[in-house]
Amino acid sequence: MQVAVLTFEGYNELDSFVVAAIVNRMRPRGWKAYITGPADEVTSMNGVTVRTERGLDFVREADAVLIGSGMRTREVVATPELMSRLVLDPRRQLVGAQCSGTLVLSKLGLLGSIPACTDVTTKPWVVESGVEVLEQPFFARGNVATAGGCLSSQYLAFWVIARGAGIAAAEAALDYVAPVGEKREYVARARSAVEPYLEALPVAIG
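In this section: the pattern of salt bridges. The tally for this structure, following the rule as stated, stands at 9 salt bridges. Arg51 is paired through a salt bridge with Glu41; the nearest N and O atoms lie 3.9 Å apart. Of this pair, Arg51 sits in strand 4 (residues 49-51) while Glu41 sits in strand 3 (residues 41-43); the two residues are 10 residues apart in sequence, bridging distant segments of the chain. With relative accessibility at 43%, the residue Glu41 sits in the partly exposed group. Via salt bridges that share partners, Asp89, Arg91 and Arg92 belong to a single interconnected network.

Written as structure tokens, this is what we have:
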């Protein structure tokens, strides 16, 4: 599975790096999460500059696209030349977003009547866009998922891995990064947050 982790200028490091690191635990199976952005380099809300691994056109071919948040997301959704390049298709892709990334999904018209999760700062903008915001860390319907709160990135990673390789693989990936002495609790919490939205769903992407 090839995963695009959308990372824009002003990005939140926890969103992009945590989800990418957990998904990349699947590299022995041929998976790869790529920091994907609109320029060769992007600088975070805290001044951390990184080189992107893929450009925005990669979102068209990725098996999964995960949209992180940042302090300039409202600028992103107000920039037609950026938004026009985000061609996503939940019929054949897993699509997830976290915090203000949920606003991107809404503006792309990919949520519709699907309720969503986001952070407290972004909530008013998502509500204004016509989407019901849930007071919970994770929600998914079909191939579209959203998460709220910086550390909910682990739930997006768990969801992608569970959908593509099964719950056991997702648990193993999260177990590896969870704190020593708390691994069982971390894995159980993630499973309880995500598993209700996996029931009766086939593995969508091989």
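It is the contact of helix 6 (residues 153-165) with helix 7 (residues 167-177), at a shortest axis distance of 7 Å, that shows an interaxial angle of 145 degrees. The two elements helix 6 and helix 7 cross, and the hand of that crossing is right-handed. Here helix 6 contributes Gln154, Phe158, Ile161, Ala162 and Ala165 to the contact with helix 7, which in turn contributes Ile167, Ala169, Ala170, Glu171, Ala173 and Leu174. Residues that form the contact of helix 6 with helix 7 fall into these classes: 9 nonpolar, 1 polar and 1 charged.

Turning to the nonpolar core, a few remarks are in order. Among the nonpolar cores identified, the biggest contains 69 residues, and Val3, Ile67, Leu105, Phe138, Trp159 and Val160 are the most heavily contacted of them. When residues in this core are grouped by element, the largest group, 8 residues, is from helix 6. Those residues within four positions of Val3 in sequence are excluded, and the remaining contacts are Val23, Lys32, Ala33, Tyr34, Phe58, Ala64, Leu66 and Val160.

Below, the discussion takes up the pairing of strand 9 (residues 144-147). Where burial is concerned, the two faces of strand 9 agree: the one with Val144 and Thr146 and the one with Ala145 and Ala147 are both buried. One ladder, built from 4 bridges, connects strand 7 (residues 94-98) with strand 9; its direction is parallel. Bridge pairing in strand 9 places Gly96 opposite Ala145. In the sheet, strand 8 (residues 138-141) pairs with strand 9 via 4 bridges, with the strands oriented antiparallel. Looking at the pairing, Phe139 lines up with Thr146 of strand 9. Hairpin connection from strand 8 to strand 9: 2 residues lie between these consecutive antiparallel strands, with Gly142 at a positive phi of about 65 degrees.

Let us look at helix 8 (residues 183-194). Spanning 12 residues, helix 8 covers 17 Å between terminal C-alpha atoms, matching the ideal 16 Å at 1.5 Å per step. Taken together, the buried positions of helix 8 are occupied by Val187, Ala190, Ala193 and Val194. Angularly, the buried residues of helix 8 cover 130 degrees about the axis, an arc narrow enough to put them on a single face. Against the buried residues of helix 8 lie strand 8, helix 6 and helix 7.

Quick look at the environment of Ser192 now. Residue placement: Ser192 occurs in helix 8. For Ser192, the side chain forms a polar contact with the main-chain oxygen of Arg189, separated by 2.8 Å.

Two pairing modes exist for strands in a sheet, parallel and antiparallel, and in both the strands are linked by backbone hydrogen bonds. Spatially, 7 strands are ordered 5-2-1-6-7-9-8 in an open sheet, and the strand pairing comes out mixed. With partners counted over all chains shown, the strands left at the sheet margins are strand 5 (54-55) and strand 8, one partner each. Here strand 2 (residues 32-37) pairs with strand 5 via 2 bridges, running parallel. Its bridge partner being in strand 5, Gly37 is matched across the sheet by Gly55.

Parameters at a glance
- Residues numbered from 1 in each chain as written.
- Predicted model: local features only at pLDDT ≥ 70, side-chain atom pairs only at ≥ 80, totals over all residues.
- Heavy atoms only, no water.
- Salt bridge = Lys/Arg side-chain N within 4 Å of Asp/Glu carboxyl O.
- Helix = DSSP H or I, 4+ residues; strand = E, 2+ residues; numbered from the N terminus.
- Buried < 20%, exposed > 50% of the residue type's maximum accessible area, 1.4 Å probe, protein only.
- Axes fitted to C-alpha atoms, helices over the stretch in contact; angles between N-to-C directions.
- Left-handed = near helix turned anticlockwise from the far one by under 90°.
- Contact = heavy atoms within 4.5 Å.
- Nonpolar A, V, L, I, M, F, W, Y, C, P; charged D, E, K, R; others polar.
- Core = buried A, V, L, I, M, F, W, Y, C linked by side-chain atoms within 4.5 Å.
- Pairing = 2+ DSSP bridges.
- Expected span 1.5 Å × (residues − 1).
- Arc of directions from axis to C-beta.
- Polar contact = N/O pair within 3.5 Å; in protein donor to acceptor, adjacent residues only side chain to side chain.

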